[in-house]
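Structure assessment
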Amino acid sequence: MHITSLAKLSLVGMLLAAGTVYAADVYNWKSNKGTSSYSDAPPNLKYSQQTQRVNVRTRTSAPSAPAVKAASGETSLVDEQAKVNQQINEKNKEIEKKNKEIEEKNKQQQADNCKTAKLNRSFAESARTANRADLIARYDADIAKYCN
């Protein structure tokens, strides 16, 4: 099988492009037990003084970004996520409270509808109209619908 030089050149170009697109920061740190660890994210999503950023191409390492200090007013990603989670929980509690209020209103409305349907049924029994049977059937359906 014969591959043309243009195909070889395009293949090499694609491989080089894929390698540069995939390149990302690699972090290196030592645990309390003394073992070295490597990852594409800093340990515990926080930068520490022990964390090193490794350049895979040149095989050199440099200190990672300085540690975030809460005293300076800046917050870490973990702290920001905790705040967002807390806000979401507060909103969920408010929504649950509103849902309970709506549920209570719906129950009260259904009880009122049931009472009205029973009253209408009793009036239909004593009605002296030609469609008395139709009214009774209609109010019986309302009672079945609203009075569980």
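Everything below is about the structure printed above this text.
Residues numbered from 1 in each chain as written. Predicted model: local features only at pLDDT ≥ 70, side-chain atom pairs only at ≥ 80, totals over all residues. Heavy atoms only, no water.

**Considerations on the packing of helix α2 (residues 77–125) against helix α3 (residues 132–146)**
For the pair α2 and α3, interaxial distance at closest approach is 9 Å and the crossing angle is 160 degrees. Regarding the angle of α2 to α3, the classification is roughly antiparallel. Between α2 and α3 lies a crossing whose hand is left-handed. Contact residues: α2 offers Gln 110, Asn 113, Cys 114, Ala 117, Lys 118, Asn 120, Arg 121, Ala 124 and Glu 125, while α3 offers Arg 132, Leu 135, Ile 136, Tyr 139, Asp 140, Asp 142, Ile 143, Lys 145 and Tyr 146. For the contact of α2 with α3, a count of residues per class yields eight nonpolar, three polar and seven charged. (Axes fitted to C-alpha atoms, helices over the stretch in contact; angles between N-to-C directions. Helix = DSSP H or I, 4+ residues; strand = E, 2+ residues; numbered from the N terminus. Parallel < 35°, antiparallel > 145°, perpendicular 65-115°, else oblique. Left-handed = near helix turned anticlockwise from the far one by under 90°. Contact = heavy atoms within 4.5 Å. Nonpolar A, V, L, I, M, F, W, Y, C, P; charged D, E, K, R; others polar.)

**Looking at α2**
Spanning 49 residues, α2 covers 71 Å between terminal C-alpha atoms, matching the ideal 72 Å at 1.5 Å per step. Those residues of α2 lying buried are Cys 114, Ala 117, Arg 121 and Ala 124. Residues of α2 that are buried in the fold lie against α3. (Expected span 1.5 Å × (residues − 1). Buried < 20%, exposed > 50% of the residue type's maximum accessible area, 1.4 Å probe, protein only.)

**Looking at the state of the cysteines**
Tallied over the full model, the rule gives one disulfide. The residue that forms a disulfide with Cys 114 is Cys 147, at a sulfur-sulfur distance of 1.7 Å. The disulfide joining Cys 114 to Cys 147 has a torsion of about 115 degrees about its S-S bond and is therefore right-handed. With Cys 114 in helix α2 and Cys 147 in the segment after α3, this pair connects stretches of sequence that are 33 residues apart. Each member of the pair, Cys 114 together with Cys 147, is buried. (Disulfide = S-S within 2.5 Å.)

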